[in-house]
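Coordinates in review
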Amino acid sequence: MHLSKRINSVSPSATLAISTLTKQMKAKGQDVIDLSIGQPDFTTPQFIDAAATAAINSGQASFYTPATGIAELKDAIAAHVAKQTGVTYAKSQIAVTTGAKLALYGLFQVLLDPGDEVLVPTPGWVSYVEQIRLAGGVPRAVVAAAHFKVTVDELEAQRTRKTRAVIINSPQNPSGAVYARQELTLIGNWALQHGILVVADDIYRDLIYNGASYTSMIEIDPAITANTVLISGVSKSYAMTGWRIGFAAGPEKLIDALGKLLGHATGNPTAASQYAAVAAFTSDGTAVETMRQAFEDRLNTIFPLVQKLPGFDLPEKPQGAFYLFPQVKRAAALTHYTSVDDFVAALLQETGVALVPGRAFGMPDYARLSYATDKASLLDAVGRIENFVGNN
Ligand SMILES: Cc1ncc(COP(=O)(O)O)c(C=O)c1O
C-alpha cells in the first residue's frame, strides 16, 4: 500500500498511544491507574446533555448546519468570550470546529505555505508540531529555559524571514504554567512588530487555581487582539471532550479562509454537539466552578507528595490546567533505567501507573502526570510510584 510522504512524516500521538495501551491492560483485567489522560474524569453536566437530547428530539439536530457553526452558538461564544475578556468578536470572526484540535489543524492549513515556519514553545502540546508538518510548514521549537514559559529573547533567537506564527498556550499542557500579563504583553508586542500572528490556545483558561490571576493574549490591547487568533472550546472546561466542539476567533480574513477549508473537510461540526455547546456557553458557570474546585483540591493534595517522590524534581506549583510535569531523570537513574522513556514504560508494566514520557512534549527528561482522576486513585498512584522508585 502506497502512503503519502506527508503522512509518513508524521508521528502518531504519543498520548493516544499510551492511553490505548492502558485501555488494553485494563481490558485484560490489570490494575491500571491512568494518569496519562488529558481529559476531565467528570461526565458532562446533565443540563448540557439535556440540551443535546432536546435538539435531537425536536429534529433540529438532523440536518447540516453552516460549515462554521450555527448562529446561536456563535452568539453564545461571542457573549461568553466578551464576558471573560471584554473583547467582542462579530459572528464573522468566529468559526466553530470539531474540537479545538481541528481549529488548530485548519488554521495551519490556511496559514502556511511549504517551508513557512511556526514557533512552537517547548514544552508544548504533542499535536502542534505534527499539525504544522501536515500543513507543509516547519515547526521551530523554542525551548523555555525557565518556568516552562518562553521569553521574547528566546523567540527572537528562532525568528526567521519565514516565521508566520507563534503559539502561546496558557495555561499550558503539559506543565500547567500560566503566562503573566506582562510576559504576554512583551510577546504580543514583539509579534506585532514582526508581523507574526499569535495563536493563543486558551483551552484550559477556566482551570486556574489558588487565586492565581489569568490574562488572555486577546485582552492586552486592541492591536495585539487584531494580530491574534483565539483557540478554545468546551472540552476541558465543561467535561465535553467526546462532543468535539472548539472554535477559532480572530481576523475575519483568516476565519473566512478557515470556513472554506471546513466546508470541504467536515461540512459542519456535529449539530447535536453544537446545541449542547450553546447550553454550556450560556450557563452561569456553576458547573465549571464545581469541577475547577475539585481539580484545585487534587492539585493541592498531590503536588507536595509528588514533589517528595525520590528522583522527582518539581520546583514550582502549577497555576492551571490539570497536569504536573516533573523532571524524572534522577528517578530513572535511581531505578537503573537509561532513559525516562524506559522508566515510564517499566512503571506502567510493574505498577500499573501510566504517565506520559516528556519526549512527547519535547522534553525527554520529564514526564507528565494528569490529576484529572479521583483523589483515592491519585494517592494510590503516588504510593505505587514511591514503592517502585524506593525499592529498585
Ligand atoms: C493545549 C491543547 N490544545 C488543544 C487541545 C484540543 O482540545 P479539543 O480538540 O478536545 O477541543 C488540547 C487537548 O488535549 C490541548 O491540550
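These figures come from a predicted structure and were not determined experimentally.

**Things to note about the domain arrangement of the chain**
- Domain assignment breaks the chain into domain 1 (5-44 + 287-391) and domain 2 (47-281).
- The distance between the C-alpha centroids of domain 1 and domain 2 comes to 25 Å.
- At the interface, 38 residues of domain 1 touch 35 residues of domain 2.
- Across the domain 1/domain 2 interface, buried area totals approximately 3000 Å², and carbon plus sulfur atoms make up 61% of it.
- Interface area lost by domain 1 to domain 2 is led by Thr44, Val288 and Gln319, which between them contribute 22%.
- Linking domain 1 with domain 2 are zero salt bridges.
- Linking domain 1 with domain 2 are 16 residue pairs in polar contact (both at pLDDT 80 or more).
- Among the elements of the structure, helix H1 (5-8), helix H12 (286-308) and strand S9 (323-324) are those that each provide at least two residues to the side of domain 1 that touches domain 2.
- The element contributing the most residues to the side of domain 1 that touches domain 2 is H12, with eight residues.
- A breakdown of the residues in the side of domain 1 that touches domain 2 according to their chemical character gives 20 nonpolar, 12 polar and six charged.

**Some points on the pattern of salt bridges**
- Summed over the entire model, instances satisfying the criterion amount to 15 salt bridges.
- Between Asp297 and Lys375 there is a salt bridge whose closest N-O contact spans 2.8 Å. With Asp297 in helix H12 and Lys375 in helix H15 (residues 375-391), the pair connects residues that are 78 residues apart, well separated along the chain.
- Taking relative accessible area as the criterion, Lys375 reaches 32% and is therefore assigned partly exposed.
- Residue Arg384 is joined to Asp380 by a salt bridge in which the shortest nitrogen-to-oxygen separation is 3.1 Å. Taken together, the positions of Arg384 and Asp380, both in helix H15 and four residues apart, correspond to about one turn of that helix.
- Since its relative accessible area comes to 15%, Arg384 is described here as buried.
- By relative accessible area, which is 36% here, Asp380 ends up partly exposed.
- One salt-bridge network, held together by shared partners, links Asp31, Asp380 and Arg384.

**Thoughts on the sheet that holds strand S7 (residues 228-233)**
- Here seven strands make up an open sheet; going across it, the order is S2-S8-S7-S6-S5-S3-S4 and the pairing mixed. Looking at the sheet topology across the chains shown, the edges are occupied by strand S2 (94-97) and strand S4 (138-143). Mean inter-strand twist for the sheet, computed between neighbouring axes without regard to direction, equals 20 degrees.
- Of the strands in this sheet, S2, strand S3 (117-122), strand S5 (163-169), strand S6 (197-201), S7 and strand S8 (246-249) touch helix H5 (residues 99-111), which is tilted by about 155 degrees from S7.

The rules we used
Residues numbered from 1 in each chain as written. Predicted model: local features only at pLDDT ≥ 70, side-chain atom pairs only at ≥ 80, totals over all residues. Heavy atoms only, no water. Domains from an automatic or database assignment. Contact = heavy atoms within 4.5 Å. Buried area = accessible area lost by both parts, 1.4 Å probe. Salt bridge = Lys/Arg side-chain N within 4 Å of Asp/Glu carboxyl O. Polar contact = N/O pair within 3.5 Å; in protein donor to acceptor, adjacent residues only side chain to side chain. Helix = DSSP H or I, 4+ residues; strand = E, 2+ residues; numbered from the N terminus. Nonpolar A, V, L, I, M, F, W, Y, C, P; charged D, E, K, R; others polar. Buried < 20%, exposed > 50% of the residue type's maximum accessible area, 1.4 Å probe, protein only. Pairing = 2+ DSSP bridges. Axes fitted to C-alpha atoms, helices over the stretch in contact; angles between N-to-C directions.

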